[in-house]
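Architecture at a glance
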Amino acid sequence: MLNLRFHAFLIFLIPVIAIHVSFFLSTSIGELDLCNPYIDGCLSISRSSRQPISILFFKSLMIVSGILLFFIWPRILKKSDNSTFKFIGQIGSIFLIIYVVALGNDGDVYRFMRQYGVFIFYLSTLSSQWYCSFYMKIASLKLISYLQIVMTIASIPFYVYLKNDSAFENIFEWWLSLSINIWFLMYFIYLSNHEQRQ
């Protein structure tokens, strides 16, 4: 079994590589215009990753990431009596895999899987991260969670009053995804420092 610290680091590293390398692959050969999606919301993660040059790379890494994510929640919450958030986190990882498998396929079923798969992934993963942050009382994780909560609350008026604003939705998606990945990096750093003290 993977060391928990290394397990957390892989869950940070693999999606960061999958998302950003896919973006640069798709823009480097002119399939998509080069831009900064974190600032101008020019592309969604899905669009930049489903181009012919990038889709297999993205899918392969993200399916591995989803599997690793599924198995980490029982390990993180091993000492918790509340099994609800272990289950919720695992549900999120399953829907991440469903979303990735559906990416690039046509049809109403695949469109439904893409749209709701990614929504359930975000909702479930964030819920489990927030619970872990406050259950374990780790300052760095709590900070990331507070930022995620502020981002989520601040986005509500934009979704209400700027409906179908794809640029805003893309910016929010890129930053929220990055924050989810950074949460696991912070957990890796916490575990590394904790091991050094022992």
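The structure presented is a predicted model; accordingly, all values stated were derived computationally and were not measured. (Residues numbered from 1 in each chain as written. Predicted model: local features only at pLDDT ≥ 70, side-chain atom pairs only at ≥ 80, totals over all residues. Heavy atoms only, no water.)

**A few points about the layout of surface pockets**
Quantified by volume, the second largest pocket comes out at close to 330 Å³. Contributing to the lining of the second largest pocket are 14 residues, with Arg 75, Ile 76, Lys 79, Met 136 and Tyr 187 lying nearest its centre. When contributions to the lining of the second largest pocket are tallied by element, the ones reaching two or more residues are helix H4 (55-76), helix H6 (108-136) and helix H8 (166-197). It is H8 that contributes the most residues to the lining of the second largest pocket, 4 residues altogether. For the lining of the second largest pocket, a count of residues per class yields 9 nonpolar, 2 polar and 3 charged. (1 Å grid on protein atoms, 1.4 Å probe; cavity = no way out; pocket = protein on both sides within 12 Å on 5 of 7 lines; lining within 4 Å. Points joined across faces, edges and corners; volume = space filled by probe spheres on them. Helix = DSSP H or I, 4+ residues; strand = E, 2+ residues; numbered from the N terminus. Nonpolar A, V, L, I, M, F, W, Y, C, P; charged D, E, K, R; others polar.)

**Remarks on the packing of aromatic side chains**
For the coordinates displayed, the defined rule picks out 17 aromatic pairs. Measuring from ring centre to ring centre gives 4.4 Å for Phe 85 and Tyr 131, while their planes differ by 5°; the resulting arrangement is stacked. Of this pair, Phe 85 sits in helix H5 (residues 84-102) while Tyr 131 sits in helix H6; the two residues are 46 residues apart in sequence, bridging distant segments of the chain. (Phe/Tyr/Trp six-rings, centres within 6.5 Å; stacked < 30°, edge-to-face > 60°.)

**Some thoughts on the packing of H4 against H5**
In contact at an axis separation of 8 Å, H4 and H5 are set at 170° when each is read in the N-to-C sense. For the element pair H4 / H5, the angle class is roughly antiparallel. Side by side, H4 and H5 meet where Lys 59, Met 62, Ile 63, Gly 66, Ile 67, Leu 69, Phe 70, Trp 73 and Pro 74 of the first sit next to Lys 86, Gly 89, Gln 90, Ser 93, Ile 94, Leu 96, Ile 97, Val 100 and Val 101 of the second. Looking at the contact of H4 with H5 residue by residue, the classes come out as 12 nonpolar, 4 polar and 2 charged. (Axes fitted to C-alpha atoms, helices over the stretch in contact; angles between N-to-C directions. Parallel < 35°, antiparallel > 145°, perpendicular 65-115°, else oblique. Contact = heavy atoms within 4.5 Å.)

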